[in-house]
Amino acid sequence: MTRIPHWLAQHIAALRVVLVLTLLTGLAYPLAMVAAAQVPGLGGTSEVTGADGRPAGSSLIGQTFTDAKGNPVKMYFQSRPSNAGTGYDATASGAGNQGPESVVDTKDKPSLLTLVCGRSKAVGDLEGVDGSRPYCTDDGVGAVLGVFYDGGTSGRVTRAVSLNQACPAKPFLISYKGVRVTCAKPGADYSHAVTVPVRGNAPADPVVPADAVTASGSGLDPHISPAYATLQAPRIARERGVSTAGVRKLIEKYTTGRALGVLGERGVNVVELNIALDRTYPKQGA
């Protein structure tokens, strides 16, 4: 039996790969996407109708439920934060692009840590729960010190500044290693200080869930966690004059499981939930 030359065998194998990839990416994948677009909620049929029968946006894109001043409308479930434009702007989808090293505020932009701390405090105040979390001050900024040493980056501490608390704010710590902590003076240069985040005594598992204080990668995700929805249930019930148990049943109804049973986490679509809320428990006076 004649053996195929090695160089020819390689070319045949390469041709087979090209053929298979062409069929997969040039035919099978486009057809699958066209088919998926015909499924309600995945394609052009994601538009939802409000309790008044009018179009109320898309079930695939989140919304802000705030007033003209940006304050939460208390009778509605609140979405997670969004970095898409001014919030859930489909033409400006994107993330905040700040990572775990973003702990010190700048003149023009708060750090990711301060954003998280401020949001957690705001949610805690709104829901009447403990909004504290590790590495956050009581007034809702990152608990970060700028520490000066007599040896540069080590040695005896000579000075300590609460970097994210500008004067005349009261520093979150009285002293650090025997040195009095002072507030940060606007415009002062603390670039030579060693950055020291301080954990504090907040619980390791905060009452306010992580999705309540962080945005999604696209800034458009309409889902929140069941934990965040449940946290809001007492307020919703109080504002609408209904039972908390009834609101929780509605949350359960609109809670979806993991994709394919294993991907992601369980979620609650806030847009759909708030529409169902208006239909089930109409706004008082409406």
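The rules we used
- Residues numbered from 1 in each chain as written.
- Predicted model: local features only at pLDDT ≥ 70, side-chain atom pairs only at ≥ 80, totals over all residues.
- Heavy atoms only, no water.
- Helix = DSSP H or I, 4+ residues; strand = E, 2+ residues; numbered from the N terminus.
- Expected span 1.5 Å × (residues − 1).
- Bend = angle between axes of the 7 residues up to and from the residue.
- Buried < 20%, exposed > 50% of the residue type's maximum accessible area, 1.4 Å probe, protein only.
- Contact = heavy atoms within 4.5 Å.
- pLDDT = per-residue confidence, 0-100.
- 1 Å grid on protein atoms, 1.4 Å probe; cavity = no way out; pocket = protein on both sides within 12 Å on 5 of 7 lines; lining within 4 Å.
- Points joined across faces, edges and corners; volume = space filled by probe spheres on them.
- Nonpolar A, V, L, I, M, F, W, Y, C, P; charged D, E, K, R; others polar.
- Patch = residues over 30% accessible without salt bridge, like charges linked within 9 Å, V, L, I, M, F, W, Y side chains within 5 Å.
- Areas by Shrake-Rupley, 256 points an atom, 1.4 Å probe, with all protein chains shown as cover.
- Salt bridge = Lys/Arg side-chain N within 4 Å of Asp/Glu carboxyl O.
- Pairing = 2+ DSSP bridges.
- Axes fitted to C-alpha atoms, helices over the stretch in contact; angles between N-to-C directions.

1. What about helix H3 (residues 226–240)?
Okay, step 1: Spanning 15 residues, H3 covers 20 Å between terminal C-alpha atoms, matching the ideal 21 Å at 1.5 Å per step.
Okay, step 2: A bend of about 35 degrees at Ala 233 is the largest found in H3, and the proline Pro 234 appears one to four places after it.
Okay, step 3: All buried positions along H3 are accounted for by Pro 226, Tyr 228, Ala 229, Leu 231, Gln 232, Ala 233, Arg 235, Ile 236, Ala 237 and Arg 240.
Okay, step 4: Against helix H2 (112–127), strand S8 (223–224), helix H4 (244–253), strand S9 (255–256), strand S10 (267–269) and helix H5 (270–280) lie the buried residues of H3.
Okay, step 5: Looking at the residues trailing H3, positive phi occurs at Gly 241, about 70 degrees.

2. Concerning the confidence of the model for the chain
Okay, step 1: Confidence in the prediction of the chain, expressed as mean pLDDT, is 90, and 94% of residues score 70 or more.
Okay, step 2: Least confident of the elements in the chain is strand S2 (residues 55–58), whose mean pLDDT is 80; most confident is H2, at 98.

3. Details of the layout of surface pockets
Okay, step 1: Of the pockets and cavities examined, the largest pocket occupies roughly 520 Å³.
Okay, step 2: If you trace the largest pocket, you find 23 residues lining it, with Thr 66, Pro 72, Gln 78, Ser 79 and Pro 81 closest to the centre.
Okay, step 3: Sorting elements by how many residues they give to the lining of the largest pocket places H2 first, with 6 residues.
Okay, step 4: When its residues are assigned to classes, the lining of the largest pocket shows 9 nonpolar, 11 polar and 3 charged.
Okay, step 5: The computed volume of the second largest pocket comes to approximately 420 Å³.
Okay, step 6: Lining of the second largest pocket is provided by 23 residues; of these, Ser 132, Cys 136, Thr 137, Asp 138 and Asn 201 occupy positions nearest its centre.
Okay, step 7: If you tally residues by element for the lining of the second largest pocket, the top one is H2, at 3 residues.
Okay, step 8: Across the lining of the second largest pocket, the residue classes tally to 8 nonpolar, 7 polar and 8 charged.

4. Quick word on a nonpolar patch on the surface
Okay, step 1: Together, Ile 4, Trp 7, Leu 8 and Ile 12 line one region of the surface with nonpolar side chains, adding up to about 380 Å² of accessible area.
Okay, step 2: Tracing the backbone shows Ile 12 in helix H1 (residues 6–37).

5. Looking at the sheet that holds S10
Okay, step 1: A sheet is described by the order of its strands in space; here 3 strands give the open sequence S8-S10-S9, paired in antiparallel fashion. Because the sheet does not close on itself, it has two edges, and the strands there are S8 and S9.
Okay, step 2: Pairing of S9 with S10, which is carried by 2 bridges, proceeds in the antiparallel orientation. Across the sheet, residue Thr 256 finds its bridge partner in S10, namely Gly 267.
Okay, step 3: Strands S8 and S10 of the sheet are contacted by H5, whose axis makes an angle of about 55 degrees with S10.

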